[in-house]
Amino acid sequence: MTRRIVVIFAVLLVIALGLASYAVYLKRKVARDEDLAAQQQLAMAPSANGPPTPVTLYIASDSDATLRKSQMSVVLPEERSERARAVLRALFGSYLQSPSPHPIGAGADVRDVYLLGDDTAVVDTNSVFADKHPSGVLAEELTVASIVATLNANDSKIARVKILVNGQERETLAGHADLRRFYLAGNIGQVVKDLQ
Amino acid sequence: MSPDSARSPYSASFPLAASAAVIILLAVLGLHRSNLDAQTPAPNQLTVYSPQTTYSVPLLDIKGQTYVGLVELLEPLGAVDARPDGKKYKLHFTAAGGRPEEAQFTDGKDKAKVRGDNYKLPANFVLQNGRGYVPLAAATNLLAKLLSTQAEFHAAGRRLFVGAGVERFTLELRTGNPSRLLIGFPSAVNPTIATEPGRVRFTFRREPVAAAGPDNVTYTDPLITGASFSEHDGIAELDITGNAPLMANFADNGKTIIVTAAPAPPPPVAEQPPPAAATQSAPNAPASAQQPRQPPTPRFFVLIDPAHGGSDIGAAVSPSLPEKDVVLALARRVQRELASRGIAAALLRTNDAAISLDQRAASANAARPALYVALHAANTGRGVHVFTALLPAANLSPKSFLPWDTAQAAFLDLSGTVAGSVAAELDARKLPNTTLLAPLRPLNNIAAPAIAVEIAPPSDKVDDIASASYQDQVAQSIAAGIAAVRAKLPEVRP
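The rules we used
- Residues numbered from 1 in each chain as written.
- Chains lettered and ligands numbered in written order.
- Predicted model: local features only at pLDDT ≥ 70, side-chain atom pairs only at ≥ 80, totals over all residues.
- Helix = DSSP H or I, 4+ residues; strand = E, 2+ residues; numbered from the N terminus.
- Buried ≥ 20, exposed ≤ 12 C-beta atoms within 10 Å, placed from the backbone.
- Contact = placed C-beta atoms within 7 Å.
- Expected span 1.5 Å × (residues − 1).
- Pairing = 2+ DSSP bridges.
- Axes fitted to C-alpha atoms, helices over the stretch in contact; angles between N-to-C directions.
- Core = buried A, V, L, I, M, F, W, Y, C linked by C-beta atoms within 7 Å.

A. Representation of the overall build of chain A in the model. Along its length, chain A carries 5 helices and 6 strands. From first element to last, N terminus to C terminus, chain A shows the α and β order α-β-β-α-β-β-α-α-β-β-α. Every one of the 196 residues in chain A was classed for burial, and the buried ones make up 35%. Nonlocal contacts in chain A, meaning residues at least 24 apart in sequence, comprise 63% of its contacts between residues at least 6 apart.

B. Highlighting helix H8 (residues 468-484) of chain B. In this model, H8(B) (17 residues) spans 24 Å end to end at C-alpha, consistent with the 24 Å of a helix rising 1.5 Å per residue. Among all positions in H8(B), only Gln471(B), Val474(B), Ala475(B), Gln476(B), Ser477(B), Ile478(B), Ala479(B), Gly481(B) and Ile482(B) are buried.

C. Geometry of the sheet that holds strand S9 (residues 126-128) of chain B. All names here are of chain B. Reading across the sheet, the 7 strands line up as S9-S10-S3-S2-S1-S12-S11 and stay open at both edges, with mixed pairing between neighbours. The open sheet is flanked by S9 and strand S11 (151-154), the only strands paired with a single partner. Strand-to-strand, the axes of this sheet are offset by a mean angle of 30°, without reference to chain direction. Across 3 bridges, the pairing between strand S3 (residues 65-69) and strand S10 (residues 131-135) is antiparallel. Across the sheet, the residue bridging to glycine 69 is tyrosine 133, located in S10. Of the strands in this sheet, strand S1 (45-49), strand S2 (54-62), S3, S10, S11 and strand S12 (159-162) touch helix H3 (residues 136-147), which is tilted by about 105° from S10.

D. Molecular detail of the nonpolar core. Within the largest apolar cluster, 148 residues are counted, with the highest numbers of intra-cluster contacts made by Ala145(A), Val148(A), Val68(B), Leu330(B), Val373(B) and Ile451(B). It is helix H4 (residues 137-154) of chain A that provides the largest number of residues to this core, a total of 10 residues. Apart from the residues lying within four places of it in its own chain, the contact partners of Val68(B) are Leu46(B), Val57(B), Leu59(B), Leu73(B), Tyr133(B), Val134(B), Leu136(B) and Ala139(B). If you look at the next biggest cluster of nonpolar residues, it comprises 21 residues, including Ala210(B), Ile224(B), Leu238(B) and Ile257(B).

E. Broad picture of the pairing of strand S29 (residues 433-438) of chain B. All names here are of chain B. Taken across its 6 residues, S29 has 5 buried, putting it largely inside the fold. Two elements, strand S28 (residues 384-389) and S29, share 6 bridges in a ladder whose sense is parallel. Paired with valine 386 across the bridge in S29 is threonine 435.

F. Fine view of the pairing of strand S20 (residues 235-242) of chain B. All names here are of chain B. Here strand S16 (residues 199-204) runs beside S20; their pairing, made up of 6 bridges, is antiparallel. Of the residues in S20, the one forming a bridge with phenylalanine 204 is alanine 236. As paired strands, strand S19 (residues 224-232) and S20 are joined by 8 bridges and run antiparallel to one another. When the sheet's bridge partners are listed, serine 230 is paired in S20 with glutamate 237. Counted along the chain from S19 to the antiparallel partner S20, the turn is 2 residues long, and its residue aspartate 233 has a positive phi close to 50°.

G. Spatial organisation of unusual backbone geometry. For the bond running from Ser98(A) to Pro99(A), omega is -5°, close enough to zero to count as cis. Between Asn177(B) and Pro178(B) the backbone carries a cis peptide bond, its omega angle lying at 5°. Checked against the element boundaries, Pro178(B) lands in the loop between strand S13 (167-174) and strand S14 (180-184). Residue Lys63(B) is not a glycine yet carries a positive backbone phi of 50°. Note on placement: Lys63(B) falls in the loop between S2 and S3. What makes Lys63(B) exposed here is the crowd of 8 C-beta atoms within 10 Å.

Spelled out as structure tokens, the structure:
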């Protein structure tokens, strides 16, 4: 290589390294800001008043690959979609505790639940939920089935469920479970039965 | 709160900066690469020929030396159980029909032990991400020692011959009008043939062929002027040159190829006299010229899909045990077990290639297998989980036009039959198992009977998921389960 090429190479390398460092810095800043926004969002969530109401959760267990019905008391908001969100956050809470029967990524949360018509729920999770979810056919199926079955158990009109990640459609949860489709509570009912 | 409201103002500038960095990096790497390419060709793959199989293994350039992965090199030839232990790498290998052998290597050292003997590698052993790599120059000796057989390496062509060895072809020119060049092989061959004016080229990708005489031969013949044999990147090529257009014919059940002058092109149709009786065929015309093409024979083969690959490692069964490696090893065992039961099987992925879910489904549907088996591994639960697609029942005929997202719905009954049979075989071997419906991609998109099998560790010791004995039992169960219901699965016309 001639001296000129070496100099050009060195200059370009320095520029590239500089830009790469800046990109990493910006990426980390974006992540920090998103976390902050998520925390603010949690803080802005409407506070529920009133006595705790018993809800039904379908809790997954990795050790014996089961999905079992469980009761818990949760303070529920009045609005239907907010109630669905509160129930799912109670479900996530049981997975986020330590020790967990079915660990999901620390920081996983339900951003919103949107109801389309009477029978369809669109669950918008945060990116941590999918990014840090343990990968595996059974692990992912347990999560999906517990979400759908729990929603249906507490609001029997919800017959179809779609799961979004950070407002976007994803191909799979963590490499296996299909997130492009609407799940039918009737179909998941068969899975729940098999996993009892 | 809308999904967009949490987006940071930095989101817009980040892609711009990242794109600029990537472009400059690529330019820098491209400049550097172009200089490197001018000096040394990048190594890519080694082709291994053995009596049982022919396969290709990717090669890596590590510190200027060409290396090959030990597991990738040995797995197609037998059962491999390899695991790192600190800086050491212990390998147990049992060739098909052979006895167990052991070898031990140390990261950064050129001293190894193979079958209890000290063995010096031509360069240091490399342990990267739990995978062991040996210098390519050591591959021949290692295979010969572990297989207790002869091995021959053609370095220039990156072709390694194990066991039965090289099949050498002979050339015999028979002069005449026209002259004929007879190329004789010890066994039938099936090369790719390409022709151009004055040249015909045979490319051998799977046959262990090499020249019996010199690689380049010149003839003083008015038609055929020369033959040239070469090997490169794991393939062999034979070029025959001539002074006129050449053609090739097979004889002796594919053991002989005859190269001779191509017939002159027929005169233009307009110059031909009109047929005397255009509507009647000649009663004594050769039957083969008038017979319609026979429909292809139905076949039965299983397509095995080892999930994930490349940067998609799947589940981290343990920090040193990615799902993609566990399932590739299992897939090869299942293929062997099926072959031992007389069932042909192909692997959708034979190396560490990244294939998207849609590509997997498209490839599987194009191959038209009698059965599709996806293999997964995870550390959730214990034992084996057998899945069929979670789809609403649909009244679809397998012969009708099938929607992509629910193509599997037409085959659910047969898929369930196979899953039940595999579960029964797992029970028979006392392996804990569960049969479930699963919302698994690309199972939904497969237009054939299809199951997925996910293995979990058999005990609390997670690394046992990769043990030869456990994987063999699972592979035997899957193969026996498929063999038991083979008669119920339709053979498919290719």
